[in-house]
Amino acid sequence: MVAALGMVAASGCGGSEQDAARDVVKEYADAIADSDEERVCDTLTEDSRKQFDRAGCEKAYANFGAFLDREQRDRLKELEPAVKVDGASATTTIREEPL
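We now turn to the structure provided with this report. (Residues numbered from 1 in each chain as written. Predicted model: local features only at pLDDT ≥ 70, side-chain atom pairs only at ≥ 80, totals over all residues. Heavy atoms only, no water.)

## Examining helix 1 (residues 17-33)
- With 17 residues, helix 1 should reach 24 Å at 1.5 Å per residue; the first-to-last C-alpha distance of 24 Å fits that figure.
- Among the residues making up helix 1, those that are buried are Ala20, Ala21, Val24, Val25, Tyr28, Ala29, Ala31, Ile32 and Ala33.
- Each element contacted by the buried residues of helix 1 is listed here: helix 2 (37-43), helix 4 (57-61), helix 5 (70-77), strand 1 (82-86) and strand 2 (89-93).
- Phi turns positive, to about 55°, at Ser35, one or two residues after helix 1. (Helix = DSSP H or I, 4+ residues; strand = E, 2+ residues; numbered from the N terminus. Expected span 1.5 Å × (residues − 1). Buried < 20%, exposed > 50% of the residue type's maximum accessible area, 1.4 Å probe, protein only. Contact = heavy atoms within 4.5 Å.)

Below is the structure:
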């Protein structure tokens, strides 16, 4: 799973930048699992959303989750990504255990 995700500002929330980045990745995965294209697009950076200018981000992600079966959606919702923040960038590692 690769996506340029927006980082939620952690200031004043009592959480770290790492926690904020992890929350964005989890929100992205939940939104895909729920077939909620508006929420998916809300997690993307402005530069990432610009890539969808012609079709629009929401249209590009419409019904994306429809291609997932129940088990895949559940696994997305249980996702626990490892996040490393380096300045303004964050790297997420998602390891999937074999079925």
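## With respect to the packing of aromatic side chains
- The final tally for this structure, using the stated rule, is one aromatic pair.
- A ring pair is formed by Tyr28 and Tyr61, whose centres lie 6.4 Å apart and whose planes are at 85°; its orientation type is edge-to-face. Here Tyr61 lies in helix 4 and Tyr28 lies in helix 1, a separation of 33 residues in the sequence. When sorted by exposure, Tyr28 lands in the same class as Tyr61, which is buried. (Phe/Tyr/Trp six-rings, centres within 6.5 Å; stacked < 30°, edge-to-face > 60°.)

## Let's talk about the side chain of Ser48
- With respect to the secondary-structure elements, Ser48 resides in helix 3 (residues 46-50).
- Here Thr45 takes part through its side chain, which lies 3.0 Å from a polar atom of the side chain of Ser48. (Polar contact = N/O pair within 3.5 Å; in protein donor to acceptor, adjacent residues only side chain to side chain.)

## Describing the pattern of salt bridges
- Applying the stated criterion across every chain yields a total of eight salt bridges.
- Where Arg39 meets Asp34, a salt bridge forms, and the shortest distance between an N and an O atom there is 3.1 Å.
- For Arg39, a relative accessible area of 23% corresponds to the partly exposed category.
- Judged by its relative accessible area of 37%, Asp34 falls in the partly exposed class.
- Among the ionic pairs, Arg39 bridges to Asp36, the shortest N-O distance being 3.5 Å.
- With relative accessibility at 24%, the residue Asp36 sits in the partly exposed group. (Salt bridge = Lys/Arg side-chain N within 4 Å of Asp/Glu carboxyl O.)

## Concerning the state of the cysteines
- As enumerated under the stated definition, the model contains one disulfide in all.
- At a sulfur-sulfur separation of 2.0 Å, the disulfide partner of Cys41 is Cys57. For the disulfide bridge between Cys41 and Cys57, the dihedral angle about the S-S bond is near -100°, and by the sign convention the bridge is left-handed. With Cys41 in helix 2 and Cys57 in helix 4, this pair connects stretches of sequence that are 16 residues apart. (Disulfide = S-S within 2.5 Å.)

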